[in-house]
Amino acid sequence: MNIQKVMVIGAGQMGSGIAQVHAMAGINVVLHDIKEEYVQKGMTSITKNLARQVEKGRLGETEKLEILERIEGSTDLGNARDVQLVIEAAIENIKVKSSIFAELDQITPPTTILATNTSSLPITEIAASTNRPEKVIGMHFMNPVPVMKLVEIIRGLATGDEVYETIRALSHRLGKTPVEVNDFPGFVSNRILMPMINEAIFTVYEGVAEPEAIDEVMKLGMNHPMGPLTLADFIGLDTCLYIMETLHEGFGDDKYRPCPLLKKYVKAGWLGKKSGRGFYKYI
């Protein structure tokens, strides 16, 4: 299938990034969210990102305008009626995602592929909310989307080979490197990453070292470009907690038990960079 038009659901950091890379690849995009202000915020983010590329000489002003012209805003899910692919990047909640997919199943043509950018939730369960499980697939981008090359492609139990090949080819078209993984909690990226972040939080919780020291050890000793606690703040501590809970529930293994300090910070509203405070303060 030749993808010419895509709807991205969710105009937040991930959704706007996904919309941007598709538009940069010459694909028309409908950027959808539940409120116009969210859509506009996403469009502003994309515009700023492209403007930085112009300033750095990586993009011409005319190219920037052409990319922006390929993106239209939406607050009506009915605008998915004429797209070949929907990529859902809404909140990491199985009930919300399943509800969106059930609605999309009624709105979109039977040939439309329904993809989710979930970072940990089961593709098979999301697919079960539709009458086209063979057309449902996981397409997990990394943050920030315009920069990071990896896309985890996750097949559900019923995902068709043709659908997988279409998404793999699309990933290459976006300048990404697709990696196929199976449908297990956390897939590969977050199954490995989140327990490391959680252990770093336990290290703070137990008084072993301060956040700055822990991050410095991982950067200088393990050659990580960013320390795990800084990374957690950028991901969002609420998202980290949700993924750890998904891993804990999915595997039933206490090695995935979220650190009490992570729970405490989330309850306090210390969600990281997006709230102005997490393991570090952001002004």
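The model shown is predicted, which means the values in this text are computed figures rather than measured ones.

**Some points on the overall build of the protein chain**
Step number 1: Check the secondary structure of the protein chain and you find 11 helices and 8 strands.
Step number 2: Taken against the 2.2 N^0.38 rule, which gives 19 Å for 283 residues, the C-alpha radius of gyration of the protein chain at 19 Å falls within 12% of a compact globule.
Step number 3: For the protein chain, the spread of C-alpha atoms along the three principal axes comes to 55 × 45 × 35 Å.
Step number 4: Per-residue burial over the protein chain gives 49% buried out of 283 residues.
Step number 5: Summed over all atoms, the accessible surface of the protein chain reaches about 13700 Å², with 52% contributed by carbon and sulfur.

**Considering the packing of aromatic side chains**
Step number 1: On inspection of all chains with the given rule, the structure shows 5 aromatic pairs.
Step number 2: Consider the rings of Phe202 and Tyr205, whose centres lie 6.2 Å apart with planes at 70°: the pair is edge-to-face. Of this pair, Phe202 and Tyr205 both sit in helix α7 (residues 189-205), 3 residues apart, which is roughly one turn of that helix.
Step number 3: Residue class for Phe202 comes out buried when judged on its relative accessible area of 10%.
Step number 4: Aromatic ring contacts, followed pair by pair, group Tyr265, Trp270 and Phe279 into a single cluster.
Step number 5: Over the face of the ring belonging to Tyr164 we find Arg155, whose NZ or CZ atom lies 4.4 Å from the ring centre.

**Remarks on helix α2 (residues 36-55)**
Step number 1: Over its 20 residues, α2 extends 28 Å from the first C-alpha to the last, a length consistent with the 28 Å expected when each residue adds 1.5 Å.
Step number 2: Looking at α2, one finds that the buried residues are Val39, Gly42, Met43, Ile46, Asn49 and Leu50. Mapping the buried residues of α2 onto a view down its axis gives an arc of 125°, with all of them on the same face. Among the exposed residues of α2, those oriented more than 90 degrees off its buried face are Glu37, Lys41, Lys48 and Glu55.
Step number 3: Summarising the contacts, the buried residues of α2 are in contact with α1 (13-24), β2 (28-32), α3 (61-69) and β3 (71-74).
Step number 4: Directly beyond the C-terminal end of α2, a positive phi value near 80° is found at Gly57.

**A few points about the layout of surface pockets**
Step number 1: Counted as a void, the second largest pocket has a volume near 220 Å³.
Step number 2: What lines the second largest pocket is Ile94, Leu121, Pro122, Glu125, Pro185, Tyr242, Glu245, Thr246, Glu249 and Gly250.
Step number 3: Here the lining of the second largest pocket gets 5 residues from one element, more than from any other, and that element is helix α10 (residues 237-251).
Step number 4: Taken together, the residues of the lining of the second largest pocket break down into 5 nonpolar, 2 polar and 3 charged.

**Side note on a positive patch on the surface**
Step number 1: On the surface, Lys48, Arg52, Lys56 and Arg58 cluster together into a patch of positive charge.
Step number 2: Inspection of the secondary structure puts Lys56 in the loop between α2 and α3.

**Considerations on the sheet that holds strand β7 (residues 150-155)**
One key point about sheets: their strands pair by backbone hydrogen bonds, in either a parallel or an antiparallel sense.
Step number 1: The sheet built from 8 strands is open, its strands ordered β3-β2-β1-β4-β5-β6-β7-β8 with mixed pairing. Looking at the sheet topology across the chains shown, the edges are occupied by β3 and β8 (177-181). Going across the sheet, the axis of each strand differs from the next one's by a mean of 25°, ignoring polarity.
Step number 2: Here 4 bridges tie β2 to β3, and the two strands are oriented parallel to one another. When the bridges of β3 are listed, His32 appears paired with Ser74.
Step number 3: Together, β1 (5-9), β4 (85-88), β5 (113-116) and β6 (136-141) form the strand contacts of helix α4 (residues 94-107), whose direction differs from that of β5 by roughly 170°.

Conventions used here
- Residues numbered from 1 in each chain as written.
- Predicted model: local features only at pLDDT ≥ 70, side-chain atom pairs only at ≥ 80, totals over all residues.
- Heavy atoms only, no water.
- Helix = DSSP H or I, 4+ residues; strand = E, 2+ residues; numbered from the N terminus.
- Rg over C-alpha atoms; globule rule 2.2 N^0.38 Å.
- Buried < 20%, exposed > 50% of the residue type's maximum accessible area, 1.4 Å probe, protein only.
- Areas by Shrake-Rupley, 256 points an atom, 1.4 Å probe, with all protein chains shown as cover.
- Phe/Tyr/Trp six-rings, centres within 6.5 Å; stacked < 30°, edge-to-face > 60°.
- Lys NZ or Arg CZ within 6 Å of the ring centre and 35° of its normal.
- Expected span 1.5 Å × (residues − 1).
- Arc of directions from axis to C-beta.
- Contact = heavy atoms within 4.5 Å.
- 1 Å grid on protein atoms, 1.4 Å probe; cavity = no way out; pocket = protein on both sides within 12 Å on 5 of 7 lines; lining within 4 Å.
- Points joined across faces, edges and corners; volume = space filled by probe spheres on them.
- Nonpolar A, V, L, I, M, F, W, Y, C, P; charged D, E, K, R; others polar.
- Patch = residues over 30% accessible without salt bridge, like charges linked within 9 Å, V, L, I, M, F, W, Y side chains within 5 Å.
- Salt bridge = Lys/Arg side-chain N within 4 Å of Asp/Glu carboxyl O.
- Lys, Arg positive; Asp, Glu negative; His and termini not counted.
- Charge placed at Lys NZ, Arg CZ, Asp CG, Glu CD.
- Pairing = 2+ DSSP bridges.
- Axes fitted to C-alpha atoms, helices over the stretch in contact; angles between N-to-C directions.

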